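# Examination of the molecular architecture
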Amino acid sequence: MKTAWIICRRELGAYFASPMAYIILAGFVAFTGFLFFNSFFTVKQARLDGLFHALPLVYLFFAPAMAMRLIAEERDLGTIELLLTMPVRDREVVLGKYLAALIMLMVALAATLPFAYTVSRLGDLDLGPVIGGYLGALLLGGLYLAAGLLASSVTREQVIAFIVGLILCFAVYALTWVVDAGTAGGGIVMYLSPAFHFGNLSRGYVELRSVVYFVSGIALFVLLAVQVLEARKWG
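Summarised in this report is the structure supplied together with it. All values reported here derive from a predicted model rather than from experimental measurement.

Within the protein, the regular secondary structure consists of 12 helices and 0 strands. Mapped from its N terminus to its C terminus, the protein presents α and β elements in the order α-α-α-α-α-α-α-α-α-α-α-α. A burial count over the protein gives 47% of its 235 residues as buried. If you take every contact in the protein between residues at least 6 apart in sequence, the share linking residues at least 24 apart comes to 77%. With the model as given, the accessible surface of the protein reaches about 11,600 Å², and the carbon-plus-sulfur share is 70%.

What follows is the structure in structure tokens.
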């Protein structure tokens, strides 16, 4: 775990050394802010529903953009071979890079806290849905980042990694459209839908099954990225 944190700090340094990270973060805050306040002044209620409703769509582009360079850039520069020949496990490399992306997501979400403060000054803000919503936003974003990490592990081209990541995230997002508990197997599809779990969390219903769902999905994508690295290493 210590090695993973070292790689994480290295990756964070690379993030903030590039203007692209600041551009992506600024775009994230600006776009979510626009969608949120546009709906907030329409509904005229002291709630953050507009923010949490916008995040799944924003994440479709934000997560692949943040994750596309994680492994693809190392592969393109030829430094991945050097990194993997060092006394470090493949899973530590992948985990360290994922943690760096997750911290960047936390920074992006923290930048939206002024939205919550503004709403609290304009009305009586219920903290339950806010806390649950931010927890759900972190877990949902973490799932999309893990999908983007997997996409970054299969290619050396960052643009291709972004496109593949976008497709993977969209495939996960698309489960929302087929949720119908009234049909055969609808309950299973509902459980597989991130929108179902995120919706519960954003309403303040913090359930263990929702947390398990997101953590399991993240673990699956991260494990697949590790397997891709190992296959390329020995292939």
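Quick look at the packing of aromatic side chains now. Taken as a whole, this structure holds 6 aromatic pairs when the rule is applied. On the numbers, 6.3 Å between centres and 10° between planes, the contact of F28 with Y59 is stacked. You can see F28 sitting in helix α2 (residues 19-43) and its partner Y59 sitting in helix α3 (residues 49-67), a full 31 residues away along the chain. By relative accessible area, F28 is classed as buried at 2%. Put simply, the rings of F28, Y59, F62 and Y144 pair up and form one aromatic cluster. The cationic tip of R69 hangs over the ring face of Y15; the distance from NZ or CZ to the ring centre is 5.1 Å.

The next thing to look at is the pattern of salt bridges. Counted under the stated rule, the structure contains 5 salt bridges. Between R89 and E92 there is a salt bridge, and its shortest N-O distance comes to 3.5 Å. Judged by relative accessible area, which is 10%, E92 ranks as buried. Between E207 and R209 there is a salt bridge, and its shortest N-O distance comes to 3.2 Å. R209 sits in the partly exposed class, given a relative accessible area of 41%. Each of the salt bridges in this network shares a partner with another, and the network as a whole consists of E11, R69, E73 and K97.

Looking now at the environment of L51. By secondary structure assignment, the location of L51 is in helix α3. By relative accessible area, which is 0% here, L51 ends up buried. Between the C-alpha atom of L51 and that of Y134, which follows or precedes it by 83 residues, the distance is 9.9 Å. Ignoring any residue separated from it by four or fewer positions in sequence, one finds L51 in contact with T32, F36, T112, F115 and Y134.

Before going further, it helps to examine the nonpolar core. Membership of the largest hydrophobic core comes to 62 residues, with the highest contact counts inside it found for Y15, L48, Y59, F62 and Y144. Considering every element that reaches this core, the biggest residue donor is helix α8 (residues 127-153), with 12 residues.

Direction vectors running N to C along α3 and helix α9 (residues 158-174) enclose 150°, while the axes themselves pass 8 Å from each other. Considering the angle they form, α3 stands roughly antiparallel to α9. Helix-helix and strand crossings are classified by hand; for α3 and α9 the assignment is right-handed. In contact with P56, L57, L60, F61, P64 and A65 of α3, α9 contributes F162, G165, L166, C169, F170 and Y173. Residue composition of the contact of α3 with α9, by class: 11 nonpolar, 1 polar and no charged.

Since one α-helical turn is 3.6 residues long, residues separated by three or four positions face the same way. An ideal rise of 1.5 Å per residue puts 27 Å on 19 residues; α3 measures up with 26 Å between its terminal C-alpha atoms. Of all the bends in α3, the greatest measures close to 45° and is centred on V58. Taking burial as the measure, the 19 residues of α3 include 15 buried ones, the bulk of the element.

Turning our eyes to something else, we now look at the side chain of T32. Mapped onto the elements of the fold, T32 is located in helix α2. Polar side-chain contacts of T32 include one of 2.7 Å to the backbone oxygen of F28.

Calculation criteria
- Residues numbered from 1 in each chain as written.
- Predicted model: local features only at pLDDT ≥ 70, side-chain atom pairs only at ≥ 80, totals over all residues.
- Heavy atoms only, no water.
- Helix = DSSP H or I, 4+ residues; strand = E, 2+ residues; numbered from the N terminus.
- Buried < 20%, exposed > 50% of the residue type's maximum accessible area, 1.4 Å probe, protein only.
- Contact = heavy atoms within 4.5 Å.
- Areas by Shrake-Rupley, 256 points an atom, 1.4 Å probe, with all protein chains shown as cover.
- Phe/Tyr/Trp six-rings, centres within 6.5 Å; stacked < 30°, edge-to-face > 60°.
- Lys NZ or Arg CZ within 6 Å of the ring centre and 35° of its normal.
- Salt bridge = Lys/Arg side-chain N within 4 Å of Asp/Glu carboxyl O.
- Core = buried A, V, L, I, M, F, W, Y, C linked by side-chain atoms within 4.5 Å.
- Axes fitted to C-alpha atoms, helices over the stretch in contact; angles between N-to-C directions.
- Parallel < 35°, antiparallel > 145°, perpendicular 65-115°, else oblique.
- Left-handed = near helix turned anticlockwise from the far one by under 90°.
- Nonpolar A, V, L, I, M, F, W, Y, C, P; charged D, E, K, R; others polar.
- Expected span 1.5 Å × (residues − 1).
- Bend = angle between axes of the 7 residues up to and from the residue.
- Polar contact = N/O pair within 3.5 Å; in protein donor to acceptor, adjacent residues only side chain to side chain.

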